[in-house]
Amino acid sequence: MQLYLLPTCDAGIAQLVERNLAKVEVASSNLVSRSNLESLFMKELFPYHGEKILVTQEMCDHNGHMNTGSYTRCFDGCWGQMYSDMGFDDEYFKRGYSSFTLEENLKYFKEFLEGDFIYPYFRVVGLNKKCIHILGCLLDSENNISTVYETVLGHVDMRLRKIVDMDDSFFDSITSLKHSHDNHGIIPFDLRLAVKESI
């Protein structure tokens, strides 16, 4: 099993690494040196990716780095293919179903400056019959994580405008997709959000 480690600016990187190694029972002798962390490609953990984004002046604030609204737009505008593959396509919308965002969380590790390129990546990390937990990351040109994004979507009956259970066929389809994402490897950091009784 491959383990991909997150190169962050957090002081607790050693504890983070040890914790995740323990989860998958990897011997500490296999621990890569801290100087090699940035050479591990986090993008291999994420089966979906969006188009490369150039940070423009309009996307930046008075501090000279990308503003918070631009981070959200980067994520919202880039995961359409995964959304469609989950089953949220025109036919499903015509049947009267959609999704609402129930919760979001952003965590910043490294700033993006004007002229930088952003590489968005996504995967499904949790699922039950009513909710889908999605993880997104913005990587820099060296494949280091700048920002971690989590969102929980609720499955909605638009006629009632309420969260309802997915039918078995729809749920089975997303379950298969989620399992294929699991095969890309273990996420080597703690997530802030979760869905109950996740598969």
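Numbering of residues starts from 1 in each chain and follows the order in which that chain's sequence is written. pLDDT decides what is reported in this predicted model: residues at 70 or higher carry local features, side-chain atom pairs at 80 or more are listed and counted, and totals for whole chains, interfaces and linings draw on all residues regardless. Excluded from the side-chain calculation are hydrogens and water; included are all heavy atoms of the structure.

J.: Describe the confidence of the model for the protein chain, naming the residues involved and giving the relevant values.
T.: Averaged over every residue, the pLDDT of the protein chain is 83; the share at 70 or more is 79%. Confidence scores differ between elements of the protein chain, with helix 1 (residues 13-23) showing the lowest mean pLDDT of 44 and strand 7 (residues 162-163) the highest of 98. What pLDDT reports is the predictor's confidence in each residue, on a scale of 0 through 100. Pairs of residues are marked as contacts when any of their non-hydrogen atoms sit within 4.5 Å. Across residues 1-39, where pLDDT falls below 50, the model places 52 contacts with residues more than four positions away in sequence or in other chains. For helices the rule is a DSSP run of H or I covering at least 4 residues; for strands it is a run of E covering at least 2, with both sets numbered from the N terminus onward.

J.: Talk me through the environment of Arg 73; I want residue IDs and the actual numbers.
T.: Note on placement: Arg 73 falls in helix 2 (residues 68-76). In protein, a polar contact means a hydrogen-donor-capable atom and an acceptor-capable atom, both N or O and within 3.5 Å, with residues adjacent in sequence counting only if both atoms are side-chain atoms; elsewhere, any N or O pair within 3.5 Å suffices. A distance of 3.3 Å separates the side chain of Arg 73 from the side chain of Ser 70, its partner in a polar contact.

J.: Could you give an account of the pairing of strand 5 (residues 131-139), naming the residues involved and the relevant values?
T.: Counting buried positions along strand 5 yields nine of nine residues, so the element is predominantly enclosed. Residue alternation in strand 5 divides its side chains into two sets, Cys 131, His 133, Leu 135, Cys 137 and Leu 139 and Ile 132, Ile 134, Gly 136 and Leu 138, and both sets are buried. Looking at chain direction, strand 4 (residues 117-127) and strand 5 are connected through eight bridges and run antiparallel. Within strand 5, the residue paired with Tyr 119 across the bridge is Leu 139. In sequence, strand 4 turns back onto strand 5 through a hairpin of three residues. Two strands make a pair as long as DSSP finds a minimum of two bridges between them. Here strand 5 pairs with strand 6 (residues 145-157) via nine bridges, running antiparallel. What sits directly across from Ile 134, in strand 6, is Thr 151. With a 1.4 Å probe rolled over the protein chains alone, any residue whose accessible area is under 20% of its type maximum counts as buried; one over 50% counts as exposed, and the rest are partly exposed.

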